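Here is how the chains run, residue by residue.
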Amino acid sequence: MSPALLPKHVATVVKYQRDPIKALAMFNSVKNENGFKHTLLTYKCMIEKLGFHGEFEEMESLMSEIRMNIDNSLLEGVYIGAIRNYGRKGKVQEAVDVFERMDFYNCEPSVQSYNAVMNILVEYGYFNQAHKVYLRMRDKGVIPDVYTFTIRIKSFCRTRRPHVALRLLNNMPSQGCELNAVAYCTVIGGFYEENFQVEARQLFEGMLEQCICPDITTFNKLIHTLCKKGDVQESEKLLNKVLKRGILPNLFTFNIFIQGLCKKGALSEAVRSLDGVRSEGLTPDVVTYNTLICGLCKNFKAVEAERYLHKMVNDGLMPDAFTYNSIIDGYCKMGMIQNADQVLNDAIFKGFVPDEFTYCSLINGLCCDGDIDRAMAVFNDALGKGLKPTIVLYNILVKGLSQQGLILQALQLINEMLDHGCSPNIWTYNLVINGLCKMGWNIDSGYDFLIENIEKGFIPSLTTFGQVLNCLCVEHRVLEAVGIIHLMVRKDIVPEVVNTIFEADKKEVAAPKIVVEDLLKKSHITYYAYEVLYDGIRDRKLHKKKLPTRCSHDRGTSFKWQPVRQYAPVASEEKLLQHMCSAYLKSVLGYFFCFYSTGKIMEV
DNA sequence: CTAGGGTTAG
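Definitions and limits used
Per chain, residues are indexed from 1 in the order of the written sequence. Chains carry letters and ligands carry numbers; both start at the beginning, A for chains and 1 for ligands, and go up in the order they are written. For this predicted model, a pLDDT threshold of at least 70 governs which residues receive local features, and a threshold of 80 or more governs which side-chain atom pairs are given and counted, while totals over whole chains, interfaces and linings are taken from all residues. Note that water and hydrogens are dropped before the side-chain values are worked out from all heavy atoms of the structure. UniProt positions are given in the numbering used here, feature names are shortened, and annotations may be inferred rather than shown by experiment. Per-residue confidence from the predictor is reported as pLDDT, which spans 0 to 100. Note on definitions: a residue-residue contact is assigned when non-hydrogen atoms from the two residues lie within 4.5 Å. Numbering of helices and strands runs from the N terminus, with a helix taken as a DSSP run of H or I at least four residues long and a strand as a DSSP run of E at least two residues long. Buried, partly exposed and exposed residues are distinguished by accessible area as a fraction of the type maximum, computed with a 1.4 Å probe on protein chains only: under 20%, between the cut-offs, and over 50%, respectively. In this description, a disulfide is simply a cysteine sulfur pair whose atoms lie within 2.5 Å. Between Lys or Arg on one side and Asp or Glu on the other, a salt bridge is scored when a side-chain nitrogen of the former is within 4 Å of a carboxyl oxygen of the latter.

An unreviewed UniProt entry lists chain A under the name Pentatricopeptide repeat-containing protein, with Castanea mollissima given as the organism. UniProt's Sequence similarities (unreviewed entry) comment on chain A is quoted here verbatim: "Belongs to the PPR family. P subfamily."

Structure representation (structure tokens):
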């Protein structure tokens, strides 16, 4: 007599089988075993597995099956799992559909289901819809719990309203909901995000005074918001406070700190914390190395990054796509294409398959190098190897072509991308316009536009600054370009770190440099423009010289894009040009709603 | 099971 096959055995096998389709085959085959019947547990494991791996068709058909075999009122957990997995893959509509159908299938959603769907809506920025779900939940008499509150708090923080989030937090006790560290830290993070340091610190203190202390996971999330901005100092202050309460940092904590140190350019410190990890009894992992390597590369230290690549291999860690792509990108951004090639070839030899990121970096590097022919060749080669081109990759090429003055080829490529089902976006248009500026067709109106708006108190986006600066640098109009940098400093359009310099004279010298470096880091300006500007801001003759103004003519026409063409465009091109013109005007309107690295919201 | 943890691209 063979031992009976139990549901828990089937569930275990489903869980540990890596391949979801193989798991499903096994799941189906045991239906024929004598006396075996699937239970809620086995169905749930199988549905979860399929959903986790994005096998949604199979998941849906199994959900139909479970409805026929299991009491429908018991299926909420299954639906929540499906909602979450749809959410993980960005399929928001599908997640909502599952939720909407629940009570049709005799499964009354509880607060957990409402929370699950609200959370996905908030995560993907559908704040109004999330609020509607909340109102419906109240309407149905479902009582919100601490998760509901935290999700709503998050929604307020994401919409840059931390003070509203705080009010909601303070209302929780009166609604019978106890505060916890996650709710607190969500609000605190919201304050930091918007640079309300004082409020954030106060609330953190207040939380500890209530004897509510975050666990390491919650704490890590909080300092991550700080470190992403490069504010390691504040993170350290917070860390010291929780250390006293017996919280121990883990590898995540260190990795977050390394990211922050790189972000603020403290590279030697970042490198040193690698040893710090070990002295805490922890072992650096691939992410630790990748974070460091990526940080070095972003700071134009790809050679050193490559040394760490070898070090991680010596440590017995396997470099992954992330590692290689970071270094390749780093070399390309420095114009060291040969080194990038070398790293790529070594990687391929070790079995690495170049992906979209790799090609983006490489093609971008070649374009910046002026080697548009090889860039196109690599692109076509990648297409031949089955790479699915994306809007990003197209934009890189459009940029490359435009910058070479090959506007017609750029337009041709935009036509091709339309054929490939890729729609041009605002970047695409700006890139072509940028190319036109470079050819001297429209730089003056771009410049006027920028200066005029600043004088009126509107602050254009950093992208716009970058475009105009690039154009001016290419034309060697250094005086105007440097003038813009000084204007940015005067108008406080500067990265946060500038405000940590208290001595005025120090600030005056350092701020322009920081602005230029920040523009480069965020890729708003080219490396060439960076060099021109860097020299320019050190030139005493240019320093403080009054900015030339030339905004006397009618603004109504000053930034209209009117390309001069040597010959009549073919019909399809003309249509495209019209389309692009209207899009550009839309983008001009868009400037009024931009927000900036300084965290200010522009008011119209 | 539902809020909260780390690394790349225009």
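Chemist: Even after reading the chapter, I still don't get the confidence of the model for chain A, so can you show me in this structure?
Modeler: Detailed reading of the predicted model is not advised wherever pLDDT is low. When pLDDT is averaged along chain A, the result is 84, and 86% of the positions lie at 70 or above. Contacts for the low-pLDDT stretch residues 549-604, under 50 throughout, to residues beyond four places or in other chains number 85 contacts.

Chemist: Looking at this model, I keep getting lost on unusual backbone geometry. Mind explaining?
Modeler: Comment: phi is negative for the bulk of residues other than glycine, and the bulk of peptide bonds are trans. Unusually for a residue other than glycine, N195 sits at a positive phi of about 65°. Looking at where N195 falls in the secondary structure, it is placed in the loop between helix 11 (181-193) and helix 12 (197-209). For N195, a relative accessible area of 21% corresponds to the partly exposed category. Positive phi, normally seen in glycine, also occurs at F300, with a value near 60°. One can find F300 in the loop between helix 17 (286-298) and helix 18 (302-314).

Chemist: Explain the state of the cysteines to me, please; I cannot follow it from the model alone.
Modeler: The bond known as a disulfide is covalent and runs between the sulfur atoms of two cysteines. By the definition in use, this model includes zero disulfides. In this structure C294 is a free cysteine whose sulfur lies 6.9 Å from that of C297, the closest cysteine sulfur available.

Chemist: I keep staring at the pattern of salt bridges and nothing clicks. Help me out?
Modeler: When the charged atoms of two side chains with opposite charge come close together, those side chains can pair. Following the criterion strictly, the structure yields 16 salt bridges and no others. One salt bridge connects E205 with K241, and the closest N-O pair in it is separated by 2.7 Å. Of this pair, E205 sits in helix 12 while K241 sits in helix 14 (residues 232-243), placing them 36 residues apart in sequence. A residue is classified by how much of its surface remains accessible, and E205, at 30% relative accessible area, is partly exposed. Note that R278 and D315 form a salt bridge whose closest N and O atoms lie 2.7 Å from each other. Here R278, found in helix 16 (residues 267-279), pairs with D315, found in the loop between helix 18 and helix 19 (321-333); they are 37 residues apart in sequence, far enough to count as distant.

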